[in-house]
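# Working through the structure, step by step
Chain residues, written in single-letter form:
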Amino acid sequence: MGAVDGPTRGTSLRRRYVVPGHRVPQPGMTVPTPPQPRRYRLVADELRRRIMAGAIPPGALLPSEPTLMAEFSVARGTVREALALLRAEGLVATEMGRGTYARPVVPVRRLGSDRYRAELEQVRSGELGTSFTADQRIGWSDYSLDKEFREAPATSEVAELFEVDPGTTLLERRFVFRTHGIPQQMSTSYLLLEMVAGTPVADPANEPWPGGNTSQLHSLGYTITAVREQVRARMPVPDEVDVLRVPGGVPVVVITRQTYVEAQVVEVAEIVIPADRVSLDYRIDLT
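About the criteria used
Residues numbered from 1 in each chain as written. Predicted model: local features only at pLDDT ≥ 70, side-chain atom pairs only at ≥ 80, totals over all residues. Heavy atoms only, no water. Helix = DSSP H or I, 4+ residues; strand = E, 2+ residues; numbered from the N terminus. Buried < 20%, exposed > 50% of the residue type's maximum accessible area, 1.4 Å probe, protein only. Contact = heavy atoms within 4.5 Å. Areas by Shrake-Rupley, 256 points an atom, 1.4 Å probe, with all protein chains shown as cover. Pairing = 2+ DSSP bridges. Axes fitted to C-alpha atoms, helices over the stretch in contact; angles between N-to-C directions. Parallel < 35°, antiparallel > 145°, perpendicular 65-115°, else oblique. Nonpolar A, V, L, I, M, F, W, Y, C, P; charged D, E, K, R; others polar. pLDDT = per-residue confidence, 0-100. Expected span 1.5 Å × (residues − 1). Arc of directions from axis to C-beta. Phe/Tyr/Trp six-rings, centres within 6.5 Å; stacked < 30°, edge-to-face > 60°. Lys NZ or Arg CZ within 6 Å of the ring centre and 35° of its normal. Polar contact = N/O pair within 3.5 Å; in protein donor to acceptor, adjacent residues only side chain to side chain. Core = buried A, V, L, I, M, F, W, Y, C linked by side-chain atoms within 4.5 Å. Salt bridge = Lys/Arg side-chain N within 4 Å of Asp/Glu carboxyl O.

### Brief notes about the overall build of the protein chain
On a plain count of helices and strands, the protein chain comes out with 9 helices and 12 strands. Considering the protein chain as a whole, with its 287 residues, one finds that 39% of them fall into the buried category. Here the contacts in the protein chain between residues at least 6 apart in sequence split such that 59% fall between residues at least 24 apart. Looking at the protein chain as shown, the accessible area adds up to about 17,000 Å², and 53% of this sits on carbon and sulfur atoms.

Structure, rendered in structure tokens:
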């Protein structure tokens, strides 16, 4: 730091330390004021505070644009910028003919590492259920599935997860999982075609299959011994936004799954869930 010399001999020897290059304000000098937040941010801050405090409850409409313009003494463009910021944060949604409203609170499901045990229990007991119904805590009649099957060559990324050559023929299965008809997650699941071709597992008419992958592979003589998952977050692509009804500003959680029978990978899947609907809850035993 630099030093500014004090008064001459006979006066106080106190020294003032300042950042090099910084001018010390002198008497009569005008000190510039720091820049103020833009008006739309001030409007957004106040509306955010009201939403978080419950003054604007979930699902309730925000005041109209003219009302906000009058309350904050701002132009229409400023109000729209503020609302756009709140939409990007996922706090509000806007619908044509309805207006802008505080987003309802979405139930969050626990996604734990023990959920696949539900499928093992189903294989043993015959009870209708899958890892998804266990996650959602719903009955079999509350669960539905959109599905699309096709044969496809393995991309380099999927081939690496399977530890097979790129181009290996796979059965690609695209699913949309629904609870009470509401879409909750999407997945693309791959099986080695040579393992399932010509079997009931390759027939989409048999979905949803009680016990999920665990039961399907068990019916072919394969007993799952391990599941590995890698989790990451990203922003949703347009198809995910449309199908899963993902609000603006909300990312998705992407789970890449490898299902093992001993050392062999027998299924690979990518599961996509809106991040505001899931809590990842994993227990790691070290003994």
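### Focus: the sheet that holds strand 8 (residues 182-192)
Strand order in the open sheet formed by 6 strands is 6-7-8-11-10-9, and the pairing between neighbours is antiparallel. In the strand order of this sheet, the two ends are held by strand 6 (143-153) and strand 9 (226-234), each with one partner. Each strand of the sheet is rotated relative to its neighbour by a mean of 15°, with strand direction disregarded.

### Some details on the packing of helix 2 (residues 65-72) against helix 3 (residues 76-88)
Relative placement of two packed helices is described by the angle separating their axes and the distance separating the axes. Two elements in contact, helix 2 and helix 3, have axes separated by 9 Å at closest approach and are oriented at 105°. If you check the angle between helix 2 and helix 3, you find them roughly perpendicular. Contacts from Glu65, Pro66, Leu68 and Met69 of helix 2 reach helix 3 at Arg76, Val79, Arg80 and Leu83. The residue inventory of the contact of helix 2 with helix 3, partitioned by class, reads 5 nonpolar, no polar and 3 charged.

### Details of the confidence of the model for the protein chain
Per-residue confidence for the protein chain gives a mean pLDDT of 85, with 83% of residues at or over 70. For the stretch residues 1-14, pLDDT sits under 50, and the model shows 17 contacts to residues farther than four places along the chain or on other chains.

### Notes on helix 1 (residues 39-53)
Helix length check: helix 1, at 15 residues, gives a terminal C-alpha distance of 21 Å against a target of 21 Å (1.5 Å per residue), a fit within 8%. Residues Tyr40, Val43, Ala44, Leu47, Arg50 and Ile51 constitute the buried set of helix 1. End-on view of helix 1: buried residues confined to an arc of 125°, all on one side of the axis. Among the exposed residues of helix 1, those oriented more than 90 degrees off its buried face are Met52 and Ala53. Packing partners of the buried residues in helix 1 comprise helix 2, helix 3, strand 3 (92-95) and strand 4 (99-102). Backbone geometry just after helix 1 places Gly54 at a positive phi near 85°.

### Things to note about the packing of aromatic side chains
Two numbers describe a pair of aromatic rings. These are the distance of the centres and the angle of the planes. A full pass over the atoms with the stated rule returns 6 aromatic pairs. Measuring from ring centre to ring centre gives 6.3 Å for Tyr143 and Phe177, while their planes differ by 10°; the resulting arrangement is stacked. With Tyr143 in strand 6 and Phe177 in strand 7 (residues 169-179), the pair connects residues that are 34 residues apart, well separated along the chain. When the centroid spacing of 6.0 Å and the interplanar angle of 65° are considered together, the rings of Phe175 and Phe177 count as edge-to-face. In this structure Phe175 comes out as buried when scored by relative accessible area, which is 7%. Under the relative-accessibility criterion, Phe177 is labelled buried at 11%. One residue, Arg98, lies across the ring of Tyr101, its end atom 3.8 Å from the ring centre.

### Topic: unusual backbone geometry
At the junction of Glu207 and Pro208, the peptide bond is cis and its omega measures out at 0° in the coordinates. Inspection of the secondary structure assignment puts Pro208 in the loop between helix 7 (193-196) and helix 8 (212-219). Its identity is not glycine, yet Arg245 carries a phi of approximately 55°, on the positive side. With respect to the helices and strands, Arg245 occurs in the loop between helix 9 (238-244) and strand 10 (252-261). For Glu262, which is not glycine, the phi dihedral falls at a positive 55°.

### A short note on the side chain of Thr100
Turning to its location among the elements, Thr100 is positioned in strand 4. A polar side-chain atom of Thr100 sits 2.8 Å from a polar atom in the side chain of Thr94. Beyond its immediate stretch of four places on either side in the chain, Thr100 contacts Ala60, Leu61, Leu62, Leu83, Arg87, Val92, Ala93 and Thr94.

### Details of the nonpolar core
If you look at the biggest cluster of nonpolar residues, it comprises 29 residues, and the most contacted ones within it are Phe162 and Leu170. Apart from the residues within four sequence positions on either side, Leu170 is in contact with Arg150, Glu151, Ala152, Ala154, Val158, Phe162, Tyr190, Leu191, Leu192 and Leu193. The next biggest cluster of nonpolar side chains, apart from the first, holds 18 residues, and it includes Ala44, Val74, Leu85 and Ala102.

### Points about the pattern of salt bridges
Considering all chains together, one arrives at 16 salt bridges under this definition. Notably, a salt bridge pairs Arg80 with Glu65, separated by 3.1 Å at the nearest N-O pair. Taken together, the positions of Arg80 in helix 3 and Glu65 in helix 2 put the pair 15 residues apart, joining distant regions of the chain. By relative accessible area, Arg80 is classed as partly exposed at 46%. A salt bridge links Arg103 to Asp276; the shortest N-O distance between them is 2.6 Å. With Arg103 in the loop between strand 4 and strand 5 (109-112) and Asp276 in the loop between strand 11 (264-274) and strand 12 (278-281), this residue pair connects regions lying 173 residues apart in the sequence. Look at Arg103 and you get buried, because its relative accessible area is 16%. What emerges from the salt-bridge pattern is a single network uniting Glu46, Arg49, Arg50 and Glu71.

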